[in-house]
Amino acid sequence: MSVNVLLDPADPALRSWVPGANNPDGDFPIQNLPYGTVDGGVAVRIGNKALVLRDVLEADLFVKKLASSDEFQMAMDMAWLNGIAELSPEQQTMLRRNLAYMLAEGSPARPKLERLLRDANDASVEAPEDAPFVVGDYTDFYASLHHATNVGSMFRPTNPLLPNWKHVPIGYHGRASSIIPSGRPVIRPSGQTVASDDGPPSFGPCKLLDYELEVGFYVGVGNELGETVPVTDAWRRIFGFCLVNDWSARDIQKWEYQPLGPFLAKNFATTVSPWVVTREALEPFRVAGPSRAADDPRPLDYLCDPNGTNIDITLEVFIASLKMRNSGLAPTLVSRGSFRDMFWTPAQMLAHHASNGCNMQIGDLLASGTVSGATKDSRGCMLERTWRGTEPITLGDGTERKFLLDGDEVIIRGHCVKPGHPRIGFGECRGIVLPARA
Ligand code: MN
């Protein structure tokens, strides 16, 4: 490996020649370099542009040691990120550093690369056909204390938090087949709902459709069946992070969730953002945590992570009605919180998931559960935000919402800021609600 064609993108002083990359309010500086897919190929996002890595390979611009490796060539033949995640840690580091070198100010590769860049607002970049990974399995956790307490207190006022909650990261197995990319519409689901707690049920379109603001992460290094993932080793096994909207049908959920948990109320659609922000890019934004109250139980040993951290990601949810979009009104901000407030960390979720010997595989998606904070405006779903519809929110067009209506678009954004470091963003996770099928 010749060192003069590699640069460390972790250097906060590094700047790029790509348009938009040095914008202080932008999501995609050279320190980010998130991966996604464009035109059926692996791509990296920077500033207002995207670069398809196969184009770079064909132009013979990658360092020889990387370009000539079988694993790398196989990864370039894939339309998903699974092959990139399968590269050795050394190859992944080399790829990031080689890209940083090519995209940094003053790079001699600029004239050749300029011709390969694609505009970020091209349809193929903005609205990918598929989610960035082939996800074998998807699990959704319930890791926010505020969310669990709020939802619990609506349904069990005297007993909001069940006795297990502070001991065991609660989750359910979601469905991978209905994970969809940002931009694909979501059809309002139909299902069994009841007018009163005991039934009888009727079948029809969901009336209480909700979003859930979540952060997801893709597994980069898995474990064999029967083996486990030590919590202190879990962070480095995460490939990268994304934004997730766990669309939820609250009326269907209410009737079906006991005794086995969510089922059809959740698995009609889960939207993921197109760009996967690598664990490396988020390193500067790791913060001590999670905080535990003095009388909280100490985690059991297998979940005890002395150097465990949360990540300080600011998260926002916006809603735009059809009328707002048609009249050019900006989407209304309905929630703003931080991922740093979570009670369980991504490392604890991964270690817990594998603690029974369940094999985690490359590209598996684990999501955090709704991210809610202590304040009203940081509640991460409509159920909490409108307190079961009793406190409606008003959108920019003057209309009120208790839950989502047909035509509403939900937009989730996320970013990290820290003095002395360029802002690292996630882009957007979007979805428009379409009417139920007749
Ligand atoms: Mn969820």
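Residues numbered from 1 in each chain as written. Predicted model: local features only at pLDDT ≥ 70, side-chain atom pairs only at ≥ 80, totals over all residues. Heavy atoms only, no water.

Draft legend 1. Inspection of the layout of surface pockets at higher detail. Empty space within the largest pocket amounts to approximately 730 Å³. Lining the largest pocket are 32 residues; nearest its centre among them are Tyr142, Ile170, Gln253, Tyr257 and Pro262. Of all the secondary-structure elements, those providing two or more residues to the lining of the largest pocket are strand E5 (138-141), helix H8 (145-155), strand E6 (171-173) and helix H10 (250-256). Examining the composition of the lining of the largest pocket, we find that 5 residues originate from one element, H8, more than from any other. Of the residues contributing to the lining of the largest pocket, the split by class is 16 nonpolar, 9 polar and 7 charged. Here the second largest pocket defines a volume of roughly 410 Å³. Contributing elements (two or more residues each) for the lining of the second largest pocket: helix H7 (123-126), strand E24 (409-418) and strand E25 (421-434). Looking at the lining of the second largest pocket element by element, the count peaks at 4 residues for E25. Across the lining of the second largest pocket, the residue classes tally to 6 nonpolar, 6 polar and 8 charged. Residue-level mapping places the lining of the second largest pocket at the junction of two domains, with at least three residues from each of domain 1 (35-126) and domain 2 (138-310 + 337-390). (1 Å grid on protein atoms, 1.4 Å probe; cavity = no way out; pocket = protein on both sides within 12 Å on 5 of 7 lines; lining within 4 Å. Points joined across faces, edges and corners; volume = space filled by probe spheres on them. Helix = DSSP H or I, 4+ residues; strand = E, 2+ residues; numbered from the N terminus. Nonpolar A, V, L, I, M, F, W, Y, C, P; charged D, E, K, R; others polar. Domains from an automatic or database assignment.)

Draft legend 2. Quick peek at the state of the cysteines. In total, this model carries 0 disulfides according to the counting rule given. A disulfide-free cysteine, cysteine 358 has its sulfur positioned 19 Å from the sulfur of cysteine 242, the nearest such atom. Cysteine 429 takes part in no disulfide bond, and the closest cysteine sulfur, belonging to cysteine 242, lies 7.6 Å away. Using a relative accessible area of 1% as the deciding quantity, one classes cysteine 429 as buried. (Disulfide = S-S within 2.5 Å. Buried < 20%, exposed > 50% of the residue type's maximum accessible area, 1.4 Å probe, protein only.)

Draft legend 3. Quick look at the sheet that holds strand E2 (residues 41-46). The strand order E1-E2-E3-E4 describes an open sheet built from 4 strands, whose pairing is antiparallel. Bordering the open sheet on either side are strand E1 (35-38) and strand E4 (118-119), each of which pairs with just one other strand. As paired strands, E1 and E2 are joined by 4 bridges and run antiparallel to one another. The residue bridging threonine 37 from the neighbouring strand is valine 42, located in E2. (Pairing = 2+ DSSP bridges.)

Draft legend 4. The coordination of the manganese ion, seen in detail. Every protein donor of the manganese ion is accounted for by Asp140 (OD), Glu212 (OE), Glu214 (OE) and Asp246 (OD), and the metal-donor separations fall at 2.1 to 2.2 Å. Motif for the manganese ion, donor spacing along one chain: D-x71-E-x1-E-x31-D. Of the two residues, glutamate 212 sits in the loop between strand E11 (209-210) and strand E12 (213-219) while aspartate 246 sits in the loop between strand E13 (238-245) and strand E14 (248-249), which places them 34 residues apart along the sequence. The two residues glutamate 212 and aspartate 246 agree in class, both being buried. (Donors = N, O, S within 2.8 Å, 3.2 Å for Na, K, Ca; no water.)

None of this, on its own, says anything about what the molecule does.
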